[in-house]
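Geometric and topological summary
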Amino acid sequence: MYVEKSRAMVFTVDGEKPATKGAVNGSEPKQYSFDEVIDIIGFGRTTLQVFVASSIVMMAVLNETMGISIVIPAAQCDLNLSSTDKGILTGVSFGGIIVSSHFWGYIADTKGRRSTLIVSLLLTATCALVSSFSINFTMMAVMRFLVGIFISAPSATIFAYLGEFFKTENRTMVITYASVAVGLSGVFTATTGWYVLSFDWSLTLPNINFVMHPWRLLFIVYTLPTLAGACWLIVLPESPKFYLSRGRQSEAFVVLLRLYLENHPKATAQDFDVKHIIPEAGQKSRNTLSGSTGGFWQIVKSVYNQTVPLFKRPNLGNFVICCVVQFGLFVVSAGMGLWFPDIVNRITTSNATDVTVCEALGSSSSYTNATESYEEFPSRDACNNTVNERVFIYAIALGGLYTILYLVMSTLMQIVGRKCVVGFNLFFSGFSGIVLQFVGNPYAMVSLFCSFLVFAGTSISILNGATVSMFPTNVRAMAVCLSLMMGRLGSVFGSNLVGLIMEQNCTLTFYLFASGSIICAVLTLILPS
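Remember, predicted model here, so these are calculated numbers, not experimental data.

Moving on: the overall build of the protein. The helix and strand tally for the protein stands at 22 helices and 4 strands. Within the span of the protein, comprising 529 residues, buried residues form 55% of the whole. Put simply, of all contacts in the protein between residues at least 6 apart along the chain, 82% involve residues at least 24 apart. When the accessible surface of the protein is totalled, it reaches about 22400 Å², and 64% of it is carbon and sulfur.

Listed below in structure tokens is the structure:
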């Protein structure tokens, strides 16, 4: 119905020749910016669905990448996993994300946000479900690597998709509100894992040598948000901002008109008087490079043309800062965060009293690498696949802190702005990491350690929202994908750095990581508001 009505309307982009019916009595139609169009449309049912669906996708990303850390200890007996195997399985999905980020950024910026999300989420769910039926380490590693490759697309593209349904000034705040799902994901994976793994049952499938155990069911449960997000996106529209950036004005108009009529039930298509939208700077010249069909070298050239604007002014400075800050944020929140259960466990169980965090860690049993904390698998009879309840408790507590802080930050951003909030977060994260070494109370230690990680981790979503707002539509998904790729590299670097130097020089380790937060705070102040 909307398509038929829109054919009688005029919808052009500034600089292109408007249709003759676009003017009344020969007068030029009024020009609107995209933000003004969003104001005219308002907030309604479809926009709310985009918000909720995007939150579910964010939750799915965390489920697929972090949920395996809960599954692995429970799966070690069935898959005969050594400590090395477990270390590989923990990080293999991040490897998939890193190697595929550039590809998915290009696809999302040239083929569409929504279609990229749907395809990648369905492929992620397929590989995740297959991995739940893995019969050995090799099969599990391959499938989780594929999960990483496919989940790389929604891990970044969802920020661009969600942000483009809102005004520029509101995008960071909206994305931060949606990121509450990141904290809820930590609570969801821990609580469902605690419940499902509390049962001890097995189901032997007839005619094949395969036994179903609770950890396999847990994989399936973790995949449900991925399937839900993909199915929901099927009935939602593509980003109209993307359509405009690719010169597809008629399709953009259909989406905008649909949103307008849904939000204004008594209005008609003729009441929507937007017929002329002012393009972004340089948009028309970029449209001439939109073609990507043809041979291999034409595709390579298209990828190059899509990437190179990020390394030219005015994008270069902001892009480099975003990449460096993302690297630093992931070093602290994910790199040090991998050691969170082990460090907190050592602090709370240390027999020493009135000592600093490094003294408490030194007084506990010998400090080992996170992956080496699992003993080599000796024999089937000696295998123990029980997951310590402390792991679930720590994960729920950390997820709850993330959830609360995201809600608080979203509210504060409406009052003091993004730059003040993220600057305070990172300065406080660095401050907590430094002061942590001078307190002797174990509860104060745990509180400061949580602040050290959580205030840095929540800043990631704020930076993603800022990235969506800062870069032009045609390179927006690419910018988010590549900056998050640097972040994933930071998480790998950070976790290995802790393993290398924490035991030899604990104090230096905390100073380095705390300094990283403070440096990131200074860099974020350089970014535009």
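After that view, the rundown keeps rolling.
Moving on to unusual backbone geometry. A cis amide bond, omega 10°, links Arg313 with the succeeding residue Pro314. Tracing the chain through its elements places Pro314 in the loop between helix H14 (296-307) and helix H15 (315-336).

Given a rise of 1.5 Å per residue, 17 residues ought to cover 24 Å, and the 24 Å separating the end C-alpha atoms of helix H9 (residues 180-196) matches this to within 8%. Within H9, the full set of buried residues consists of Val180, Ala181, Gly183, Ser185, Gly186, Thr189, Ala190, Thr192, Gly193 and Val196. For H9, the secondary structure elements touched by its buried residues are helix H3 (45-66), helix H4 (68-79), helix H8 (168-178), helix H10 (214-234) and helix H18 (389-416).

As a further point, take the packing of aromatic side chains. Taken as a whole and assessed by the stated rule, the structure comprises 20 aromatic pairs. A ring pair is formed by Phe43 and Phe166, whose centres lie 6.2 Å apart and whose planes are at 35°; its orientation type is tilted. Highlighted residues: Phe43 in the loop between helix H2 (34-41) and H3 and Phe166 in the loop between helix H7 (137-163) and H8, separated in sequence by 123 residues. By relative accessible area, which is 10% here, Phe166 ends up buried. Measuring from centroid to centroid gives 4.9 Å for Tyr260 and Phe272, while their planes differ by 35°, and the two rings are tilted. With a gap of 12 residues between them, Tyr260 in helix H12 (residues 249-263) and Phe272 in the loop between H12 and strand E4 (276-277) connect regions that are remote in the sequence. Grouping residues by exposure puts Tyr260 and Phe272 together as buried. Joined through ring pairs, the aromatic side chains of Phe424, Phe428, Phe431 and Phe455 make up one cluster. In this structure, Lys241 packs its charged tip against the face of Phe34, placed 5.3 Å from the ring centre.

This paragraph deals with the pattern of salt bridges. As enumerated under the stated definition, the model contains 9 salt bridges in all. Arg45 is the partner of Glu262 in a salt bridge, and the nearest nitrogen-oxygen pair spans 3.5 Å. With Glu262 in helix H12 and Arg45 in helix H3, this residue pair connects regions lying 217 residues apart in the sequence. If you follow the salt bridges from partner to partner, you end up with Asp109, Arg113, Glu164 and Arg476 in one network.

Summing up the model confidence of the protein, the mean pLDDT is 81 and the portion of residues at 70 or higher is 85%. When pLDDT is averaged over each helix and strand of the protein, the minimum, 41, is found for helix H1 (residues 2-6) and the maximum, 95, for helix H6 (residues 113-131). Here residues 1-11 is a poorly scored stretch, pLDDT under 50, and it has 28 contacts once near neighbours within four places are set aside; other chains count.

This part is about the nonpolar core. By size, the foremost hydrophobic cluster in this structure holds 123 residues, and its most contacted members are Phe272, Met336, Phe449, Phe452 and Phe510. Ranked by residues supplied to this core, first place goes to helix H20 (residues 442-470) with 16 residues. Excluding residues within four positions of it along the chain, Met336 makes contact with Val331, Ile343, Phe449, Phe452, Leu453, Val498, Met502, Thr509, Phe510 and Phe513. Of all hydrophobic cores here, the second largest spans 19 residues; its members include Ile70, Leu79, Leu197 and Tyr222.

A separate point is the packing of helix H19 (residues 418-435) against H20. For the pair H19 and H20, the least separation of the axes is 8 Å and the interaxial angle reads 155°. In terms of orientation, H19 and H20 fall into the roughly antiparallel class. Note that H19 runs across H20; the crossing there is left-handed. Along the contact surface, H19 presents Arg418, Val421, Val422, Phe424, Asn425, Leu426, Phe428, Ser429, Ser432, Gly433 and Val435, while H20 presents Leu448, Ser451, Phe452, Phe455, Ala456, Thr458, Ser459, Ile462 and Ala466.

What follows deals with the packing of H7 against helix H21 (residues 473-501). Put simply, H7 and H21 touch, their axes get as near as 8 Å, and they point 140° apart. On the basis of the axis angle, H7 is oblique to H21. For the crossing formed where H7 meets H21, the hand is right-handed. The residues of H21 that touch H7, namely those facing Ser155, Ala156, Thr157, Phe159 and Ala160, are Arg476, Ala477, Val480, Cys481, Leu484 and Arg488.

Now for the environment of Ser132. Relative to the assigned elements, Ser132 resides in the loop between H6 and H7. Exposure remark for Ser132: the relative accessible area of 0% places this residue in the buried category. Separated by 88 residues in the primary sequence, Ser132 and Ile220 have C-alpha atoms spaced 6.8 Å apart. If we skip the residues at most four places from it in the chain, Ser132 touches Trp215, Arg216, Phe219 and Ile220.

Applying the stated criterion across every chain, the model contains 0 disulfides. The thiol of Cys323 is not disulfide-bonded; the next cysteine sulfur, from Cys322, is found 7.0 Å away. Given the relative accessible area of 10%, Cys323 is considered buried.

Criteria and thresholds
Residues numbered from 1 in each chain as written. Predicted model: local features only at pLDDT ≥ 70, side-chain atom pairs only at ≥ 80, totals over all residues. Heavy atoms only, no water. Helix = DSSP H or I, 4+ residues; strand = E, 2+ residues; numbered from the N terminus. Buried < 20%, exposed > 50% of the residue type's maximum accessible area, 1.4 Å probe, protein only. Contact = heavy atoms within 4.5 Å. Areas by Shrake-Rupley, 256 points an atom, 1.4 Å probe, with all protein chains shown as cover. Expected span 1.5 Å × (residues − 1). Phe/Tyr/Trp six-rings, centres within 6.5 Å; stacked < 30°, edge-to-face > 60°. Lys NZ or Arg CZ within 6 Å of the ring centre and 35° of its normal. Salt bridge = Lys/Arg side-chain N within 4 Å of Asp/Glu carboxyl O. pLDDT = per-residue confidence, 0-100. Core = buried A, V, L, I, M, F, W, Y, C linked by side-chain atoms within 4.5 Å. Axes fitted to C-alpha atoms, helices over the stretch in contact; angles between N-to-C directions. Parallel < 35°, antiparallel > 145°, perpendicular 65-115°, else oblique. Left-handed = near helix turned anticlockwise from the far one by under 90°. Disulfide = S-S within 2.5 Å.

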